Amino acid sequence: MNRWLLALALAITLTAWITLAQAQQYGALEAYQYIVKLSRLGANVSSLVDELNRAIYLESQGYGANASLIIGNVIEKATSELPGAEEAHLLIMIGDYASLAMAVMVIAIIYAKRRELVGGLWLRVRGSNRVRGGGPGKSRTFLFNAEVLSVVLALVIVLVTFVAAQSFVGANTQPFTAIAILGPSGKIGGYPSTVLVGQPINLYIYAYNHMGVPTWLVVRLYVTNNTSLEPPLNATPIAMYQRVLLNNESWLIPITITLNSTGTYRLIGELWMYSPSNLTLTYTGNYVQLWINATQVMPTG
């Protein structure tokens, strides 16, 4: 009877723990969603990202209660900043549209009054000259040809419209993420190709975010002696690292692994992310791998 009660208590505790973990994950994703929204509105979210990363770290270390408090504070701060960010973004858009409308209006007026403006300029520059008759009535200069001026003004209008459209679309037209393996010095090169069994291997994983908004990246690390498997691997990673990176921010992760038997191994790092659009954990398609040959320890003496 006592065994059944103990098993029931363990089951209830496990269920409660899983429920709490799921609630914390949902809360962290909700905070992440608010951060992404604020970033798209042009707000500075650096401090909020730092706080969320601290909560993610505490959660990974088993301090769920502390992580929940931080996540709650992040959500509260983000929701309080959201109305002001939306208003500021709206004002900026109105100002951009007004500037564009003003520029088009000025160009249109110049185009409509081109004859008067060109004539006035001509009188100022050449008004004291005498007119000579007897010649054909052809334009003496390319600059003051009305048709040429019309074409130039049309090109200016197209150019202004194109520049304005580019500013609204944004500079980040090709979002991407990247991952790399760096050597023991934290730079490209110096990778170990052969090591002794049990010898620590110190390397770095480099990740980079260029998604245009803060992005929650997840690195899954694997060691396998299977030479044919292609990522993403359907296996349990030996380690997993996660962090929210600001746009154009990089992340350097120190890692240490050991190989416990001889053979040829592949160290594989997969890059995943929580999509800023739908918050689902998505494989980015980016991975890196390093081939390492482990040899037996040579006997001494």
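Residues numbered from 1 in each chain as written. Predicted model: local features only at pLDDT ≥ 70, side-chain atom pairs only at ≥ 80, totals over all residues. Heavy atoms only, no water.

**Notes on the sheet that holds strand 6 (residues 249–257)**
Reasoning step 1: With antiparallel pairing, three strands are arranged side by side in an open sheet as 1-3-6. Both outer strands of the open sheet, strand 1 (176–182) and strand 6, are each paired with one neighbouring strand and no more. Recorded for the sheet is a direction-independent mean angle of 20° between the axes of neighbouring strands.
Reasoning step 2: Summarising the sheet, strand 3 (residues 201–210) and strand 6 pair through nine bridges and their orientation is antiparallel. Paired with asparagine 202 across the strands is threonine 256, a residue of strand 6. (Pairing = 2+ DSSP bridges. Helix = DSSP H or I, 4+ residues; strand = E, 2+ residues; numbered from the N terminus. Axes fitted to C-alpha atoms, helices over the stretch in contact; angles between N-to-C directions.)

**Section: the side chain of arginine 220**
Reasoning step 1: Within the element layout of this structure, arginine 220 appears in strand 4 (residues 215–224).
Reasoning step 2: Here arginine 220 sits buried without a salt bridge, and the closest side chain of opposite charge, glutamate 270, lies 5.0 Å off (N-O distance).
Reasoning step 3: Discounting chain neighbours no more than four positions away, the residues touching arginine 220 are Pro237, Ala239, Met240, Ile268, Gly269, Glu270, Trp272 and Leu281. (Buried < 20%, exposed > 50% of the residue type's maximum accessible area, 1.4 Å probe, protein only. Lys, Arg positive; Asp, Glu negative; His and termini not counted. Salt bridge = Lys/Arg side-chain N within 4 Å of Asp/Glu carboxyl O. Contact = heavy atoms within 4.5 Å.)

**Side note on unusual backbone geometry**
What is expected of a backbone is that most residues other than glycine have negative phi and most peptide bonds are trans.
Reasoning step 1: In the segment running from proline 231 into proline 232, the intervening peptide bond is cis, with an omega of 0°.
Reasoning step 2: Not every positive phi belongs to a glycine, and asparagine 248 is a case in point at roughly 65°.
Reasoning step 3: With respect to the helices and strands, the residue asparagine 248 is situated in the loop between strand 5 (239–245) and strand 6.
Reasoning step 4: We classify asparagine 248 as partly exposed; its relative accessible area is 44%.

**Some words on the pattern of salt bridges**
Reasoning step 1: Summed over the entire model, instances satisfying the criterion amount to two salt bridges.
Reasoning step 2: Salt-bridge contacts for glutamate 86 lead to lysine 37; the nearest nitrogen and oxygen are separated by 4.0 Å. Of the two residues, glutamate 86 is situated in helix 3 (residues 64–112) and lysine 37 in helix 1 (residues 2–40); the sequence distance between them amounts to 49 residues.
Reasoning step 3: Looking at glutamate 86, the relative accessible area reads 37%, which means it is partly exposed.
Reasoning step 4: Exposure remark for lysine 37: the relative accessible area of 41% places this residue in the partly exposed category.
Reasoning step 5: Between glutamate 51 and arginine 54 there is a salt bridge; the shortest N-O distance is 3.3 Å. A residue pair is termed a helical-turn pair when its members lie 3 or 4 positions apart in one helix, as glutamate 51 and arginine 54 do in helix 2 (residues 46–60) at three residues.
Reasoning step 6: On the basis of relative accessible area, arginine 54 is assigned to the partly exposed category, the value being 43%.

**Side note on the sheet that holds strand 2 (residues 194–196)**
Reasoning step 1: In space, the five strands of this open sheet follow the order 2-8-7-4-5, with mixed pairing throughout. Strands at the two margins of the open sheet, each flanked by one partner only, are strand 2 and strand 5. Adjacent strand axes in the sheet meet at a mean angle of 30° when their direction is disregarded.
Reasoning step 2: By the bridge criterion, seven bridges tie strand 4 to strand 5 in an arrangement that is antiparallel. Its bridge partner being in strand 5, threonine 215 is matched across the sheet by leucine 245.
Reasoning step 3: Sheet strands touched by helix 2: strand 4 and strand 5. Its angle to strand 5, the strand with the most contacts, is close to 165°.

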